[in-house]
Each structure stands twice: as structure tokens, then as C-alpha cells.
Amino acid sequence: MTSNLSSKSGRATYEHSTLTWQEQSSGHYADVSSVSERCQLARFELLSAARQWTRELAELAELAGVPASKVVAPRLTRFDASRPIVMTGHQPGLWHSGIAVKYETVDKWCDSHQMNAIALVIDTDEGDPLSFLTPEKGDVIDAEATHSPTVDEDRWGGLSLPARSTRQSFAQNTGLFLTGTVKPTEQITRIAHDAASQLRLLRKPDAAANLQRVAAILSRMPNCLAAKAAIVVRRALGLGRGLYEVPLSIVASLPSAQQLFRDIFLDAERFHRDYNGSLEEYRRSHGIDNPANPFPDLRSDGGRYELPFWLVRVDEGRRRPLWCEPQADGDGVASGDLVVPRHAMITSLMRMLFCDLFVHGTGGGTYDQFTDEFVRHRWNVSAAPVSVVTESRYLFEEQRDRLLRLKHVEAEIRNMTYHPEQFLDKDYFAPDIERQIVEEIQRKMQAVAALKELRAQQLPAAHINTRIQQATANIRQLAFDACQSQLDALRQLSKSAIDAIESREYPWFFFPDFDA
């Protein structure tokens, strides 16, 4: 299959070759005698496809007024299939920093070690590639609260507070990533203007400027394929320029992948048994009780077997799980349909045939432990190793630090009231309050010393006990009032405001330290 962005009738479409997947795979590896030869052919196919698709990204960028040099690093013009391949991948999108850092790390590491870096675009899932989370400023008070109706930002050191976060999108016709398109220019301009205005109110001018850069590129790409546009934007803003990119829909149609799929389909019953057996063993060995973790078992029905593949009807914009009968090539596969792997089969394919290292985020690094065991059990080979790269970043970092501290005060208020000495010199109390607490503690210690001396002399000490009790009460009252004053700032925030402060889902380009 070949993929091409077309703006016919104002819509992006995928154009397919006339060969069905059965015809593409038939006999391709008839003369290949070893696993290593099969992998060599597979990697050359992958690099060739990724190089071509990355070239298409550059062409699309130029149509949008972005020079090709801004989306394709110079080293990608030096095609060298002999170098090791490092892969990563994700659904296309305006990601948060946890995903972005994975791509940035692979890009820089492969550049310094002269390796081929390839990003797999998971374009057969459902989602919105141009959706992004953005904060809004406004009334951050919980409407049901009984306290003051306005937020005193002075209690937050003058920090600006978001009221909530909302999800916006520059895409339309969303469903499968294969089908969504970029909104018309006027809609993009309005969305970006409104969101950027809120960011400036929240004292995030860099985030507002970067959002406007994104919108400026997209506004020149109306009705283009949204998934492809998201990748052009990301690379134009400096993230992943040194990676080849290739969609899963294209990788799944490479002859090497098709041959592997065909082998599976012709042995559907045994493959089904091996897959579910490996899942059962993995859950048992890892103490997992949830039958859906890390993936649900494949189903069977009257001699038909569900397999870890999607049957994608591109023209209809929908997909469904693939079922097979033994010795059959798939159920209901027609010319123009896409058969693509899902769940663990995606990384099984990549790590068996195509790469020397696969870089995951946190989630993938966990479930791919199952892939290791399954590949070893089913094919008696070791899959390429995996690495995990992730990062959590917060747009409102100062506000979040203060919020976490206030939550700690809330949780520790009893200890802070009855044992404030444990919290001195840790910035929990204002300097003048801490000074008063220290003075009262010293008075109490002096009184306790006097009490011991009077008792040793068997003299009356009732007046000393009164001084100790008064000092203790003063200490507790000072600490309690200080805690309550701090907690007033916390109580001013609604849940939506707290969620906005604590979110790690804001897009990576809201942060100023990237290569724009």
C-alpha cells in the first residue's frame, strides 16, 4: 500500500495500490532461508518506506510555507541501511511533555551514535491528533463553598491561578487518525486567539506565542489530513526533525509484515492458543488478577478465532477486530481493506523484524514485558530490547509546588498544631509567626526548668504550671492560626482549578525551552 495526502473535494484521502494484502505477501520470502536474511529485507523495506513518507512530510510543509530544512534534519538525506535502527512511536498529536521527551531523546541519541531513528505513527487508532489541553483564567472559587467569593492571589505570592482547563481542537471529522482533517482557517484563528488570550492573562506569554505559531502553520493547511499536519507542526517547531516517520498502516502493508501475518492467519488456532496461554502465564507470574491486564484474552466462537489485528475499512472510517478460521487468510478482507496489528502484536512485529531497540513511555515499558515472553514462546527468538523514557512537566510549576505544600499542611495540621517545633526552619510558618512560636517555646522550656527546681526543693509550683499551660496554649494557637491562614488559600480553589494546576497534559510547546 502507498499513502498519499490528497485534497480532492476538500478532504484528505488515502490512496491504495491495487494489490490486496494477500497478493503483496504471496511468495515474497520463498527463497529466504534464515531469520537474519528476513530481518535484513524487512529493515530495508522499512527504511525505504519511512524515507519516502518523511519526504512527503517535507513536501507538505513547503506547501504550508515551512522550509523543508525546518522539518527534516540534514542527516536524513544520508540514507544508510547498514546502521542500527532505533524505533519509538505513538499516535499523532499535540502531545504533552511525557511523550515529547521520548522523541527528543531518541533524536539526539541516534544523532550522536550515528543510528537510524524511526518513529512509528499509530494512525489506525481512534482519536483527535490536533486536540490540546489549555488553561483558562476566571473565577476559581467553588460555587458551593461558604468562604469569600473572590480569590486573594496575594495569599499565593501574587501567582496567577487558572480556573480550569479545557480541551480544544484544530481538527474536524475525527474518528480514526486515518480520516480526520484540519479545520478551516477562520476557525483555527479564532480558537488560537481565544486560547492565547487566556494564556497571556495567566502570565504565560511564551505559551501564547508558541500556540500562535502552531495555528499559523495549520491555518495554511485547511482540510489536510490532521494526523499528517500534526507531525509537520511538531517537526517545524523543533521536535523530532532527525527521525524518519512512517505510519503503522504502511508498515503493516510491507511485504515482510504481510508474510508474517499470513503465517499467523494460516495457523490461527495454534496462534490463538499460544497468545492466550502466554497471557495467562504472564498474569500468574506477575500476580495479576485483572483478566484485562495487560490485554484481554482473544475470543473464539465455533471454530473461528479472534486475532490481535484490526480490519480497517478506510473508506468507511471504521475498524473491527479480525477473526480467522484455521487455514484461512482472514475473515471478510476485501481489496482496499487494511489489516493492521493491535495490542502486543504491534511491538512484537517491530521488535522481531524491524529494529534493534524500541523506546517506550511508561505504559509501553510495562506491557512489553509480556511481549518478551510471548515472542520467545511463539517464535523461539528474542525480541529487540526496550528502553523507557518519560517526563512529567507542569505549566504552573510554582503554583503546584505551593499547592502540594498546602495539601501537606492540611494533612499534617494536627502535628503542626501540637508539635510545631518539628516544622521550624522549613518555611511552613511566616518569619514573624515562627519567631513568636520560638519565643513561646523558650518561655515554656524556662518554666519547665523552674518547675523541676521547685519540685526538687519541695516548694509550691502551681504558678509555674499555669505559665507552662499558658505557653503551651499560645504555641498551639499561633500554629493553628498560621495553618488556618494558609489553608484559606487552599479552600479558595475549586476542584477544576486544582486539576488545572496539577495537570501534566498541557502540550509540550507551551513550555519555552524547545527549539522553535
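Just above sits the structure.
Conventions and cut-offs
For every chain, the first residue of its written sequence is number 1, and the numbers climb from 1 along that sequence. pLDDT decides what is reported in this predicted model: residues at 70 or higher carry local features, side-chain atom pairs at 80 or more are listed and counted, and totals for whole chains, interfaces and linings draw on all residues regardless. Side-chain numbers here rest on the full set of heavy atoms in the structure, without hydrogens or water. Nine residue types can take part in a nonpolar core, namely buried Ala, Val, Leu, Ile, Met, Phe, Trp, Tyr and Cys, and a core is a set of them joined through side-chain atoms within 4.5 Å. Each residue gets one of three labels from its accessible area relative to the maximum for its type: buried under 20%, exposed over 50%, partly exposed in between, using a 1.4 Å probe on protein chains only. To qualify as a helix, a DSSP run of H or I must reach at least 4 residues; to qualify as a strand, a run of E must reach at least 2; elements of each kind are numbered from the N terminus. Here a residue-residue contact requires only that any non-hydrogen atoms of the pair lie within 4.5 Å. Throughout, a disulfide means two cysteine sulfur atoms within 2.5 Å of one another. When DSSP finds two or more bridges between two strands, those strands count as paired. Looking down the strands as they point away from the viewer, one classifies a crossover as right-handed if the path from the first strand across the helix to the second runs clockwise. Note on method: axes are straight lines fitted to C-alpha atoms, helices fitted across the in-contact stretch only, with angles between N-to-C directions ranging 0 to 180 degrees. The cut-offs work like this: below 35 degrees is roughly parallel, past 145 is roughly antiparallel, 65 to 115 is roughly perpendicular, and the gaps in between are oblique. In this scheme the crossing of two helices becomes right-handed for a clockwise turn of the near helix relative to the far one and left-handed for an anticlockwise turn of less than a right angle. Think of it as three bins: nonpolar holds Ala, Val, Leu, Ile, Met, Phe, Trp, Tyr, Cys and Pro, charged holds Asp, Glu, Lys and Arg, and polar takes everything else, Gly as well. Aromatic rings from Phe, Tyr and Trp, with only the six-membered ring used for Trp, were paired whenever their centres fell within 6.5 Å, and each pair was classed as stacked if the ring planes differed by under 30 degrees, edge-to-face if by over 60, and tilted otherwise. To sit over a ring, a charge needs its Lys NZ or Arg CZ within 6 Å of the ring centre and within 35 degrees of the ring normal.

1. So, the nonpolar core
With 148 residues, the main nonpolar core has Met87, Phe170, Phe354 and Phe510 as its most contacted residues. Residue contributions to this core peak at 11 residues, all from helix α2 (residues 35-63). Those residues in contact with methionine 87 that sit more than four places away from it in its chain are Leu46, Ile118, Leu120, Met350, Phe354, Cys355, Leu357, Phe358 and Val359. Grouped together as the second largest cluster of nonpolar side chains are 6 residues, Leu451, Ala461, Ile464 and Ile468 included.

2. A closer look at the state of the cysteines
Scanning the entire structure with this criterion turns up 0 disulfides. No disulfide involves cysteine 39; its sulfur sits 9.8 Å from the nearest other cysteine sulfur, which is in cysteine 355. Note on cysteine 39: relative accessible area 11%, which makes it buried.

3. Remarks on the side chain of serine 97
By secondary structure assignment, the location of serine 97 is in helix α3 (residues 97-113). For serine 97, a relative accessible area of 5% puts it in the buried group. Contacts of serine 97, omitting those with residues within four sequence positions, involve Glu391, Arg393, Tyr506, Trp508 and Phe511.

4. Considerations on the pairing of strand β2 (residues 116-121)
Within β2, 6 of the 6 residues are buried, which leaves it mostly tucked inside the rest of the structure. Pairing geometry for strand β1 (residues 85-90) and β2, over 6 bridges, is parallel. Looking across to β2, one finds that valine 86 is bridged to alanine 117. For the handedness criterion, the β-α-β arrangement of β1, α3 and β2 is classed as right-handed.

5. Brief notes about the packing of helix α12 (residues 397-411) against helix α16 (residues 495-502)
α16 packs onto α12 with a crossing angle of 125° between their chain directions and a minimal axis gap of 9 Å. The pairing of α12 with α16 is recorded here as oblique in orientation. The way α12 lies across α16 gives a crossing that is left-handed. When α12 is examined against α16, the residues Gln399, Arg400, Leu403, Leu404 and Lys407 are found in contact with a partner set consisting of Ile498, Ile501 and Glu502. Here the residues of the contact of α12 with α16 are counted per class, giving 4 nonpolar, 1 polar and 3 charged.

6. Focus: the packing of aromatic side chains
If you walk through the whole model with that rule in mind, you get 19 aromatic pairs. Aromatic side chains tyrosine 282 and phenylalanine 370 sit 6.0 Å apart centroid to centroid with 75° between the ring planes, which places their arrangement in the edge-to-face category. Note that tyrosine 282 is positioned in helix α9 (residues 268-285) and phenylalanine 370 in helix α11 (residues 362-379), a separation of 88 residues in sequence. Neither tyrosine 282 nor phenylalanine 370 differs from the other in exposure class; each is buried. Seen in terms of ring centroids, tryptophan 508 and phenylalanine 509 are 5.1 Å apart; in terms of plane orientation they differ by 85°. Their pairing is edge-to-face. Taken together through their ring pairs, the aromatic side chains of Phe271, Tyr275, Tyr282, Phe295, Tyr367, Phe370, Phe374 and Trp379 make up a single cluster. Geometry around tryptophan 379 places arginine 378 over its ring, the cationic atom sitting 5.8 Å from the centre. Lying across the ring of tyrosine 428, arginine 405 places its NZ or CZ 4.1 Å from the centre.

7. Looking at the sheet that holds β1
Whether parallel or antiparallel, the strands of a sheet pair through hydrogen bonds between backbone atoms. Strand order across the open sheet formed by 5 strands is β9-β2-β1-β14-β15, with parallel pairing between neighbours. A strand with exactly one partner marks an edge of an open sheet, and here the two such strands are β9 (244-247) and β15 (386-388). The average angle at which neighbouring strand axes cross in this sheet is 25°, direction not considered. Bridge count for β2 against β9 is 4 bridges, and the pairing is parallel. Looking at β9, one finds that isoleucine 118 is bridged to tyrosine 244. Where α3 meets the sheet, it contacts β1, β2 and β14 (357-360), and its direction lies at approximately 165° from that of β1. Where helix α10 (residues 344-354) meets the sheet, its contacts fall on β1, β2, β14 and β15, and the angle it forms with β14 comes to roughly 150°.

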